[in-house]
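Descriptive analysis of the structure
Spelled out from the first residue to the last, the chains are:
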Amino acid sequence: MKIQELEYKGLNLLDVVGTVEIAIDAINKTIHIFDVEHIVAPEFHFQSKSYVLSEGFFKMANVLKQKQFFLENSEEKLEQWIELHEWIFYSSKQSIKMYRNGLIEVHKLTGPNTCEQSEVHIKRYYPKYFLRLKENK
């Protein structure tokens, strides 16, 4: 797995500048995002009782799309380009969120039925971010 890493700076909900680490696996069309400051992480939408992509995420995705970092970029609209990739968010000590096919899956790191018990999930994670998130518990 060849991974290209970069950083993105953005504002969190409190308008404080923070850094997001991004690891791009272009071959598997997967983008790993280490974001413990919640700058681009999915937000919980209370009416639908589910997670949705945040405004900060769309800003970051637009920058990645325009810069064509290691990823194919054709003339799709931003939303279509986002759908072409799998996005994995390492931002919470309790869970990892994965966006693909228009849905956000939440994989628990604590409690019963954790993602640590599932080899399928572990193989998809970027080991560097997964271990750092677990160490920050």
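This report concerns the structure included in the present document. (Residues numbered from 1 in each chain as written. Predicted model: local features only at pLDDT ≥ 70, side-chain atom pairs only at ≥ 80, totals over all residues. Heavy atoms only, no water.)

If you trace the backbone, E21 turns up in strand β2 (residues 17-25). Side-chain polar atoms of E21 contact the side chain of R132, separated by 2.8 Å. Aside from chain neighbours lying at most four places away, what touches E21 is L6, H32, I33, F34, Y129 and R132. (Helix = DSSP H or I, 4+ residues; strand = E, 2+ residues; numbered from the N terminus. Polar contact = N/O pair within 3.5 Å; in protein donor to acceptor, adjacent residues only side chain to side chain. Contact = heavy atoms within 4.5 Å.)

Before going further, it helps to spend a moment on the pattern of salt bridges. Here the idea is simple: oppositely charged side chains can pair when their charged atoms come close. Applying the stated criterion across every chain yields a total of six salt bridges. A salt bridge links K128 to E5, with the shortest nitrogen-to-oxygen separation between them at 2.9 Å. You can see K128 sitting in helix α4 (residues 127-135) and its partner E5 sitting in strand β1 (residues 4-11), a full 123 residues away along the chain. The class for E5 is partly exposed, based on a relative accessible area of 38%. R132 is the partner of E21 in a salt bridge, and the nearest nitrogen-oxygen pair spans 2.8 Å. Remark: R132 occurs in helix α4 and E21 occurs in strand β2; sequence separation between them is 111 residues. Members of the salt-bridge network, linked through shared partners, are E86, R100, E105 and R124. (Salt bridge = Lys/Arg side-chain N within 4 Å of Asp/Glu carboxyl O. Buried < 20%, exposed > 50% of the residue type's maximum accessible area, 1.4 Å probe, protein only.)

A few words now on a nonpolar patch on the surface. On the surface, a cluster of nonpolar side chains totalling about 350 Å² of accessible area is made up of L13, L14 and V16. On the secondary structure map, L14 appears in the loop between β1 and β2. (Patch = residues over 30% accessible without salt bridge, like charges linked within 9 Å, V, L, I, M, F, W, Y side chains within 5 Å. Areas by Shrake-Rupley, 256 points an atom, 1.4 Å probe, with all protein chains shown as cover.)

Another point: the sheet that holds strand β8 (residues 103-108). In any sheet, the strands associate via hydrogen bonds between backbone groups, in a parallel or an antiparallel arrangement. Pairing is mixed across the open sheet formed by six strands, whose spatial order is β1-β2-β3-β6-β7-β8. Two strands close off the open sheet at either side, each with one partner strand: β1 and β8. Across this sheet, the average inter-strand angle for adjacent strands is 20 degrees, counted without regard to direction. With five bridges joining them, β2 and strand β3 (residues 30-34) adopt antiparallel strand pairing. (Pairing = 2+ DSSP bridges. Axes fitted to C-alpha atoms, helices over the stretch in contact; angles between N-to-C directions.)

Turning our attention to the pairing of β3. In terms of burial, β3 is largely enclosed, as five of its five residues are buried. Neither face of β3 is exposed, since T30, H32 and F34 on one face and I31 and I33 on the opposite face are all buried. The loop that links β2 with its antiparallel partner β3 comprises four residues; one of these, K29, has a positive phi angle of about 55 degrees. Judged from the five bridges that link them, β3 and strand β6 (residues 86-90) form a sheet pairing that is parallel.

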